[in-house]
Number of protein chains: 4
Amino acid sequence: MIRVLIWNEYQHEKSSEEVRRIYPNGIHGALAEILKGEDVSVRTATLDDPGCGITKEVLEDTDVLLWWGHMAHHKVPDEVAYLVRDAVLSGMGAIFLHSAHHSKPFRYLMGTSCNLTWRESQDSELLWVIEPSHPITRGIDRCFRLPAEETYGEPFVIPTPDKLLLIGNYSGGEVFRSGCLYERGNGRIFYFQPGHESFPTYYVPEVQTILRNAVRYVAPTYREMTACPHVRKITDSEPYVID
Amino acid sequence: MIRVLIWNEYQHEKSSEEVRRIYPNGIHGALAEILKGEDVSVRTATLDDPGCGITKEVLEDTDVLLWWGHMAHHKVPDEVAYLVRDAVLSGMGAIFLHSAHHSKPFRYLMGTSCNLTWRESQDSELLWVIEPSHPITRGIDRCFRLPAEETYGEPFVIPTPDKLLLIGNYSGGEVFRSGCLYERGNGRIFYFQPGHESFPTYYVPEVQTILRNAVRYVAPTYREMTACPHVRKITDSEPYVID
Amino acid sequence: MIRVLIWNEYQHEKSSEEVRRIYPNGIHGALAEILKGEDVSVRTATLDDPGCGITKEVLEDTDVLLWWGHMAHHKVPDEVAYLVRDAVLSGMGAIFLHSAHHSKPFRYLMGTSCNLTWRESQDSELLWVIEPSHPITRGIDRCFRLPAEETYGEPFVIPTPDKLLLIGNYSGGEVFRSGCLYERGNGRIFYFQPGHESFPTYYVPEVQTILRNAVRYVAPTYREMTACPHVRKITDSEPYVID
Amino acid sequence: MIRVLIWNEYQHEKSSEEVRRIYPNGIHGALAEILKGEDVSVRTATLDDPGCGITKEVLEDTDVLLWWGHMAHHKVPDEVAYLVRDAVLSGMGAIFLHSAHHSKPFRYLMGTSCNLTWRESQDSELLWVIEPSHPITRGIDRCFRLPAEETYGEPFVIPTPDKLLLIGNYSGGEVFRSGCLYERGNGRIFYFQPGHESFPTYYVPEVQTILRNAVRYVAPTYREMTACPHVRKITDSEPYVID
């Protein structure tokens, strides 16, 4: 059983009728419907929950965290962001969605500004598979189309991804590294660009397939915070000892 | 002219006669002697300087920052660490020395714990060149020896280096990724393991050669903070416009 | 069921009594004993088999190929090496052992000379885990010792590994990137340094664990040769078409 | 002085009046005009020259080789391709242009099929800068347009580039990793997608800027074939000895 926690800022849905019409149960509600299944249990948390709904214990009971945020990144306390960062380093999988490129946990894990070029648009987007054999792109054809999506463009200030899985192409002309995979500490991180709140992106079948694949791919098989041990000298007669 | 700023915590030299005997003018003083030259100007700053001697203006006048710290990482304010991080992302070169693996600027740029395994020892260390054609290892033979050095061991919790230049081998049996190169934003970062305060490591000729090479390699040829611009649609008749 | 094919040059065992005493059924025989199990079927092939025992059909029925060779790399026809290379690119997993760093299939997949520094020795070797959370190093402590092993040293002329899993440390002073992981085309490649014919290395429990782990890790979940298709333009009304 | 050798297949220009009109002195002639300068000397060679105009001695006198080929890759003897590969591994820079993705030297250096998806088209192409601070993209704005170019698409079966510098976006919808940088052995390799023979691509100013930048970036500062030396044990009293 993979234990998924979906964290959603949940502000646009409350303040905008347009967004609420698309995601009446919130983006987290829509994602929960997509992901829950026989081998996946889902919980949700939002910004307005006490402590953002994130504690050390909650994260220890989480295999994969999804994070959607946009207008209120700064309202997430640093302490919460550090908890998420450290959980990832200890092995928890993490999927950062769309404007979560600027969320604190993602920026703190990347170490860069995660700035990008952007444009409000009615662009359609074609997403192209770069690595057809990767488990996250399994079941996806060479490309798929999003009828409308906010335009993101390069440069995207991230470390070179360990693996670049998808490149997006907007009808207005921009390109973007839309699916980026990282390993940090003992955890796996997937950044996935689609999901502007004003468009029904998470109802697109290929987006759902990729999300389901990604949850399975980043789920940990090992969970431990690699420490900074003081050790004693290794000898032929005794094993390597951590004090 | 490459403008170097050497930042040294400068605590051990004040509190320990043993260290002071090795570095009577501080580790920063020894590094300054090594690096200054016809094409390199050197300034220094330490923890006890007001604001750690680091301001936005100081960093804008710096091409390459060297950082040595150990026992007082926590005394460096976050604001100072963020200034350093952002200067690197805008193109400033940075060289982190020895126990600066745990310094705030290095950890914030890496995004990981930068934990490692360690042992106080009288080990000698052999440092092996992995990339003989790299500008940083130019002039170094296949390996060189440090008569004594604190033992660092794997796992070292860092992102996979963009380029691994040196591996250290300690007489007690450990190995360590001792020379690691990263590109983050527009800046280049070199982590270089040698330099425990209790040993005269910075007087070893090969260590000095690598430091001189590294300063030249990480010095920027471009300096700009890549922003997050809102743009207007590209058209055939007009260029790409940043609002 | 993972279908493993073990290819062994099988020359030393015939010409040297010393080697035959260690591996009476050949190195391939020893490896077969280690790997076969409820979910793994094993076949073997050797240099003296007609066509090296390698055909397109044999490789299509193979999920993971292990390769051990040393003194007779040049006797493997280019055609056989190309079959192996192409099977890997189509998704077959491959594990290259010890002196197979100079085998034709490995060199053709890497694109480099795969030269290294070496020394016949009675060195012992300590192998250190760099990535403790990787499935290939699962079950291995921080390090393990081989009582005797031929000494390999840097520089090892390979592309920067996608993931460096193990570094070896020889009692004579050398270090070596002993466990290197690559993705090429749709296939995964693991280079694993231990296994000199004169020493009973493949009887060491940790070596066996790593081999069993590696077979499972590089086994394909997808198998297809990515072609070079001529396509028709994508339109809104019809899908992307390969002619 | 950087010594450039431009190798052009030089077949289309002879057989097609359309191509000859665009490149009356051959593609190599056009490239020579672009690259030659005070600090760059240029020679050219073509398929119809004896031995393709490539010998060990010619390559030893070459700092940077540019390669354009398309319809006659198979007519380049393997021996010539191996000479090029080995010169790169010893430090020579190499720039592979457009359909040279399928040339023997490029494929042998990459180790993969280098297959891609393609379409004859009248597409225009927008090329986007991914790494604005890289010396190869210096002087290029965020993007530039080619009025017409053959369409290349993903998947492009190459090893993950050490650095991805440019992504191309075709008006027909495809994307492509159009500027890819590799280090192999002691040499640097740049693959650059623009340059279909039917379009005057090499007259576009930004293409010329990138070519001039790339020649300087891949030019070697070190030149040596890293060998496979048999060594003697390192001791405290004597240096590391190659037999």
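These numbers come from a predicted model, not from an experiment. (Residues numbered from 1 in each chain as written. Chains lettered and ligands numbered in written order. Predicted model: local features only at pLDDT ≥ 70, side-chain atom pairs only at ≥ 80, totals over all residues.)

Caption draft 1: View of the overall build of chain A. When helices and strands are counted, chain A shows seven helices and 13 strands. In terms of overall dimensions, chain A is globule-like: its C-alpha atoms have a radius of gyration of 19 Å, near the 18 Å expected for 243 residues. Projected onto its principal axes, the C-alpha coordinates of chain A cover approximately 70 × 40 × 35 Å. In chain A, which comprises 243 residues, the share counted as buried stands at 57%. In chain A, of all internal contacts separated by at least 6 residues, the share reaching a separation of at least 24 is 70%. (Helix = DSSP H or I, 4+ residues; strand = E, 2+ residues; numbered from the N terminus. Rg over C-alpha atoms; globule rule 2.2 N^0.38 Å. Buried ≥ 20, exposed ≤ 12 C-beta atoms within 10 Å, placed from the backbone. Contact = placed C-beta atoms within 7 Å.)

Caption draft 2: Inspection of the relation of the copies chain A and chain C at higher detail. Superposing chain A onto chain C takes a rotation of 180° combined with a translation of 0.0 Å along the rotation axis, leaving an RMSD of 0.0 Å. Taken together, the rotation and translation relating the two chain copies correspond to the operation of a two-fold axis. When C-alpha positions in chain A are compared against the rotation axis, the closest is assigned to D162 of chain A, at 3.9 Å. With an isologous cut-off of 70% or more, the 100% of interface residues of chain A that recur at the interface of chain C puts this contact in the isologous class. (Least-squares fit on C-alpha atoms with pLDDT ≥ 70 in both.)

Caption draft 3: Structural view of the nonpolar core. Formed by 289 residues in total, the largest nonpolar core has its most connected members in L66 of chain A, L66 of chain B, L66 of chain C together with L66 of chain D. The residues contacting L66 of chain D, other than those within four sequence positions of it, are V4, I6, W7, L31, I95 and L97 of chain D. (Core = buried A, V, L, I, M, F, W, Y, C linked by C-beta atoms within 7 Å.)

Caption draft 4: The relation of the copies chain B and chain A, seen in detail. Aligned on chain A, chain B shows an RMSD of 0.0 Å; the corresponding rotation is 180° and the shift along the axis is 0.0 Å. Interface residue correspondence from chain B to chain A reaches 100%, placing this contact among same-surface, isologous pairings.

Caption draft 5: Structural detail: the environment of L31 of chain A. Residue and element names in this part refer to chain A. In this structure, L31 sits in helix α3 (residues 26-35). Judged by the 26 C-beta atoms lying within 10 Å of it, L31 falls in the buried class. In this structure, the C-alpha to C-alpha distance between L31 and D123, residues 92 residues apart in sequence, is 23 Å. Ignoring sequence-local partners within four residues, the contact set of L31 consists of I6, L66 and Y202.

Caption draft 6: Seen up close, the environment of V80 of chain D. All names here are of chain D. Mapped onto the fold, V80 is located in helix α5 (residues 78-89). The spacing of V80 and T46 is 34 residues in sequence and 12 Å in space, taken between C-alpha atoms. Apart from residues lying up to four places away in sequence, V80 is in contact with G51, C52 and I54.

Caption draft 7: Representation of the sheet that holds strand β7 (residues 143-146) of chain D. All names here are of chain D. Reading across the sheet, the nine strands line up as β2-β1-β3-β4-β11-β10-β9-β6-β7 and stay open at both edges, with mixed pairing between neighbours. Where the open sheet ends on each side, the last strands, each with one partner, are β2 (40-46) and β7. Adjacent strand axes in the sheet meet at a mean angle of 20° when their direction is disregarded. By the bridge criterion, five bridges tie strand β3 (residues 64-68) to strand β4 (residues 93-97) in an arrangement that is parallel. Each bridged residue has a counterpart across the sheet, and for V64 the counterpart in β4 is G93. (Pairing = 2+ DSSP bridges. Axes fitted to C-alpha atoms, helices over the stretch in contact; angles between N-to-C directions.)

Caption draft 8: Structural view of the interface of chain B and chain A. Chain B puts 31 residues into the contact, and the matching count from chain A is 31 residues. The set of elements that each furnish at least two residues to the side of chain B that touches chain A consists of α6 (104-110) and β5 (117-119) of chain B. When grouped by side-chain class, the residues that make up the side of chain B that touches chain A number 14 nonpolar, 13 polar and four charged. (Nonpolar A, V, L, I, M, F, W, Y, C, P; charged D, E, K, R; others polar.)

Caption draft 9: View of helix α7 (residues 205-218) of chain B. Across its 14 residues, α7 of chain B extends 20 Å between first and last C-alpha, which sits within 8% of the 20 Å expected from 1.5 Å per residue. In this fold, the buried residues of α7 of chain B make contact with β1 (2-8), α3 (26-35), β2 (40-46), β3 (64-68), β4 (93-97) and β11 (187-192) of chain B. (Expected span 1.5 Å × (residues − 1).)

Caption draft 10: Structural context of the interface of chain A and chain C. Listed by partner, the interface residues are 12 residues for chain A and 12 residues for chain C. Taken together, the residues of the side of chain A that touches chain C break down into five nonpolar, five polar and two charged.

Caption draft 11: How the structure looks around the sheet that holds strand β3 (residues 64-68) of chain A. Residue and element names in this part refer to chain A. Pairing is mixed across the open sheet formed by nine strands, whose spatial order is β2-β1-β3-β4-β11-β10-β9-β6-β7. A single partner strand is all that each edge strand has here, and the edge strands are β2 (40-46) and β7 (143-146). Within this sheet the neighbouring strands show an average axis-to-axis angle of 20°, counted without direction. Two strands pair when backbone bridges link them, and strand β1 (residues 2-8) and β3 are joined in this way by five bridges, in the parallel orientation. The residue of β3 that forms the bridge with N8 is W68. Helix α7 (residues 205-218) contacts β1, β2, β3, β4 (93-97), β7 and β11 (187-192) of the sheet and is inclined by roughly 165° relative to β11.

Caption draft 12: Region of interest: unusual backbone geometry. All names here are of chain A. Here the amide bond leading from E154 into P155 is cis, since omega sits at 0°, within 30 degrees of zero. Note that P155 resides in the loop between β8 (151-153) and β9 (163-170). Phi is positive for C114, close to 60°, though the residue is something other than glycine. Of note, C114 is situated in the loop between α6 (104-110) and β5 (117-119).

Caption draft 13: Structural view of the pairing of β9 of chain A. All names here are of chain A. Burial analysis of β9 places seven of its eight residues in the buried class, which makes it a mostly covered element. Here strand β6 (residues 125-129) pairs with β9 via five bridges, running antiparallel. Note that in β9 the partner of W128 across the bridge is I167. As paired strands, β9 and strand β10 (residues 175-184) are joined by six bridges and run antiparallel to one another. Residue pairing in the sheet places G168 in a bridge with F176 of β10. Taken together, β9 and the strand that follows it, β10, pair antiparallel across an intervening segment of four residues, in which G173 is found at a positive phi of about 120°.

Caption draft 14: Fine view of the confidence of the model for chain A. For chain A, mean pLDDT is 96; residues scoring 70 or higher make up 99% of the total. Overall fold confidence for the complex sits at a pTM of 0.97, while the interface term, ipTM, reaches 0.96. (pLDDT = per-residue confidence, 0-100.)

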